[in-house]
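Residue-level structure breakdown
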Amino acid sequence: MNWDHIWIDVNIATMDKQSASPYGVINDAAIAVKDDKIAWIGARADLPEFDVLATPVYRGKGKWITPGLIDAHTHLVFAGSRANEFEQRLQGASYQDIANAGGGIISTVKACREADEQTLFDLGRKRLNALAKEGVTTVEIKSGYGLDTDTELKLLRVAKTLGQHHHVDVKTTFLGAHAIPPEYQGQTDDYVELVINDMLPKVIENNLADAVDVFCEGIAFNLQQTKQVLTAAKNAGLAIKLHAEQLSNIGGSELAAKMGALSVDHIEYLDENGVKALSQNGTCAVLLPGAFYFLRETQHPPIELLRQYKVPMVVASDFNPGSSPICSTLLMLNMACTLFKLTPEEALKGVTINAAKALGLAEQVGQLTVGMQADFCLWDISSPAELAYIYGVNPCEQVIKAGKIIAQ
């Protein structure tokens, strides 16, 4: 056999959806890489003969390999800090008080409009590095802190540039319909027209987005406005997804699922009809425990219904300056288990195979099987559950991206 690299003396959590064993585990395993792909995987005892002099062999010493982690929902490119608002809330100020004083999302919009691309790139690279150190090999980055055409395009350009200059693969999502900017207060329909007729065509012209998202909520965009944006995105050939049912249940998830959305995200207030729609249309449910934790929410996502209807559950950081300033996918594993009562296996699926599906990448990454892209991590752990169990000492020892060792 002629392979580029081989790992032996490892245990592998393949996350293979066809496997009957928990985590898709192969104990005392080996994995071989050729041309950026997984060329062979299985029990070490079954490893075919190969040229040991010509092939680099890495010995895992009984440690564990998993697929590279995937953070399927972030707002990673932004400027400014809202730590002062965090402090104000702890002292009793309400969100409305802060917003009336020019804070909240508008303060981030102002900072992003003022920041140049190099500043945004430098900030984004630090955050992407933090995720990469924890084994993240693919990440989604949304816009949404510009709320005007020039700044939305700027945020997406920076996100694309990060992907071009970093080993982490970046998928970009246009979220122009994130909030109503100050200059369009009381004119939401007019702003939606701007998103559809000015922003979206320029995003497409410059090939800046893989998908389009909308914040469908009582304080943001209603069902009709949401449908208008998603329809325009679909007609342009882009994937669609939705921030939905975070604060109330207005039916956004059901609408998005029936329109063929890859995912609906947050979904604390999702009901059974919405869950059925996700199940029937193959739409993923993205759970964001960081926002739940940071905002001290009490309404839990309908985990049991999602299990009952076999809806793929994704776990993501929602990293952003306002509601989830937590740049750690590993911490999300722990929070998904402690706050939402997912099992460690469900949580790990949520940042691997299910996260890949939510980004439209299920045929490329997220599980370790022959033919998949060779994105995986070597962890100094005693079992896969340990990734969700302990936090603070990073167990990631080696990151392999497209068959190449990029961190160890």
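Residues numbered from 1 in each chain as written. Predicted model: local features only at pLDDT ≥ 70, side-chain atom pairs only at ≥ 80, totals over all residues. Heavy atoms only, no water.

**What about the overall build of the protein?**
When its secondary structure is counted, the protein shows 15 helices and 16 strands. Relative to its length of 408 residues, the protein is compact, with a C-alpha radius of gyration of 21 Å against a globular reference of 22 Å. The principal-axis extent of the C-alpha atoms belonging to the protein is close to 70 × 45 × 45 Å. Evaluated residue by residue, the protein yields a buried proportion of 57% over its 408 residues. Taking the contacts inside the protein whose residues are at least 6 apart along the sequence as the reference set, 71% of them involve residues at least 24 apart. Surface exposure of the protein reaches about 16500 Å², of which carbon and sulfur atoms provide 49%. (Helix = DSSP H or I, 4+ residues; strand = E, 2+ residues; numbered from the N terminus. Rg over C-alpha atoms; globule rule 2.2 N^0.38 Å. Buried < 20%, exposed > 50% of the residue type's maximum accessible area, 1.4 Å probe, protein only. Contact = heavy atoms within 4.5 Å. Areas by Shrake-Rupley, 256 points an atom, 1.4 Å probe, with all protein chains shown as cover.)

**Here we look at the environment of K401**
On the secondary structure map, K401 appears in strand β15 (residues 396–401). Judged by relative accessible area, K401 falls into the buried class, the value being 6%. The contact partners of K401, leaving out residues within four places of it in the chain, are T137, T138, H167, D169, Q373, A374, D375 and I406. Side-chain polar atoms of K401 contact the side chain of D169, separated by 2.8 Å. (Polar contact = N/O pair within 3.5 Å; in protein donor to acceptor, adjacent residues only side chain to side chain.)

**A closer look at the environment of V286**
Its location among the elements puts V286 in strand β12 (residues 284–287). With a relative accessible area of 0%, V286 lands in the buried category. C-alpha of V286 to C-alpha of V264: the two residues are 22 residues apart in sequence and 6.1 Å apart in space.

**Considerations on the sheet that holds strand β9 (residues 211–216)**
Spatially, β6-β7-β8-β9-β10-β11-β12-β13 is the arrangement adopted by the 8 strands of the open sheet, whose pairing is parallel. Looking at which strands have only one partner, the edges of the open sheet turn out to be β6 (69–71) and β13 (313–315). With strand direction ignored, the average angle separating the axes of adjacent strands in the sheet is 25°. The pairing of strand β10 (residues 239–244) with strand β11 (residues 263–266) spans 4 bridges and is classified as parallel. Among the inter-strand pairings, K241 is bridged to a residue of β11, identified as S263. Across the sheet, helix α6 (residues 188–205) lies against β8 (169–177) and β9, angled at about 150° from β8, the strand it touches most. (Pairing = 2+ DSSP bridges. Axes fitted to C-alpha atoms, helices over the stretch in contact; angles between N-to-C directions.)

**Some remarks on the packing of aromatic side chains**
Applying the stated criterion across every chain, the model contains 9 aromatic pairs. Pairing F78 with F319 gives two aromatic rings, centres 5.7 Å apart and planes at 50°, and the pair type is tilted. Taken as a pair, F78 in the loop between β6 and α1 (83–90) and F319 in the loop between β13 and α12 (329–340) lie far apart in primary sequence, 241 residues in all. Each member of the pair, F78 as well as F319, carries the same accessibility label: buried. Residues F86 and F294 carry aromatic rings whose centres are separated by 5.2 Å and whose planes lie at 25° to one another, so their mutual orientation is stacked. Residue F86 is located in helix α1, and its partner F294 is located in helix α10 (residues 289–294); the two are separated by 208 residues in the primary sequence. With a relative accessible area of 18%, F294 lands in the buried category. Three or more aromatic residues link up through ring pairs in this structure, and these residues are W7, Y58 and F376. Cation over ring: R127 sits above F78, and NZ or CZ is 3.7 Å from the ring centre. (Phe/Tyr/Trp six-rings, centres within 6.5 Å; stacked < 30°, edge-to-face > 60°. Lys NZ or Arg CZ within 6 Å of the ring centre and 35° of its normal.)

**Topic: the pattern of salt bridges**
Evaluated as defined, the whole model comprises 19 salt bridges. The salt bridge involving E183 is made with R113; its shortest N-O contact spans 2.9 Å. Of this pair, E183 sits in the loop between β8 and α6 while R113 sits in helix α3 (residues 105–114); the two residues are 70 residues apart in sequence, bridging distant segments of the chain. Among the charged side chains, a network of salt bridges with common partners joins E140, K142, D213 and K241. (Salt bridge = Lys/Arg side-chain N within 4 Å of Asp/Glu carboxyl O.)

**What to know about the packing of helix α5 (residues 149–165) against α6**
Between α5 and α6, whose axes approach to 10 Å, the crossing angle comes to 35°. Crossing hand, α5 versus α6: right-handed. The segment α5 lies against α6, with T149, E152, L153 and L156 engaging L194, D198, M199, K202 and V203. (Left-handed = near helix turned anticlockwise from the far one by under 90°.)

**Here we look at the nonpolar core**
Counting residues in each nonpolar core, the largest one holds 102 residues, and the members touching the most others are V77, F174 and L306. Excluding its chain neighbours within four sequence positions, the residues that come into contact with F174 are S143, E152, L156, V195, M199, L200, V203, A209, A211, V212 and D213. In terms of nonpolar packing, the next biggest core, distinct from the first, is built from 15 residues, W7, A29, I65 and F376 among them. (Core = buried A, V, L, I, M, F, W, Y, C linked by side-chain atoms within 4.5 Å.)

**With respect to the UniProt feature "binding site: 4-imidazolone-5-propanoate" (unreviewed entry) in the protein**
The sites that carry the UniProt feature "binding site: 4-imidazolone-5-propanoate" (unreviewed entry) are, in the present numbering, R82, Y145, H178, Q246 and S323. Turning to its location among the elements, R82 is positioned in the loop between β6 and α1. Residues within four places of R82 in sequence aside, it is in contact with G104, I105, S107, T108, P321 and G322. Structurally, Q246 can be placed in the loop between β10 and α8 (252–258). Residue classification places Q246 among the buried positions, given a relative accessible area of 10%. (UniProt positions renumbered as here; feature names shortened; annotations may be inferred.)

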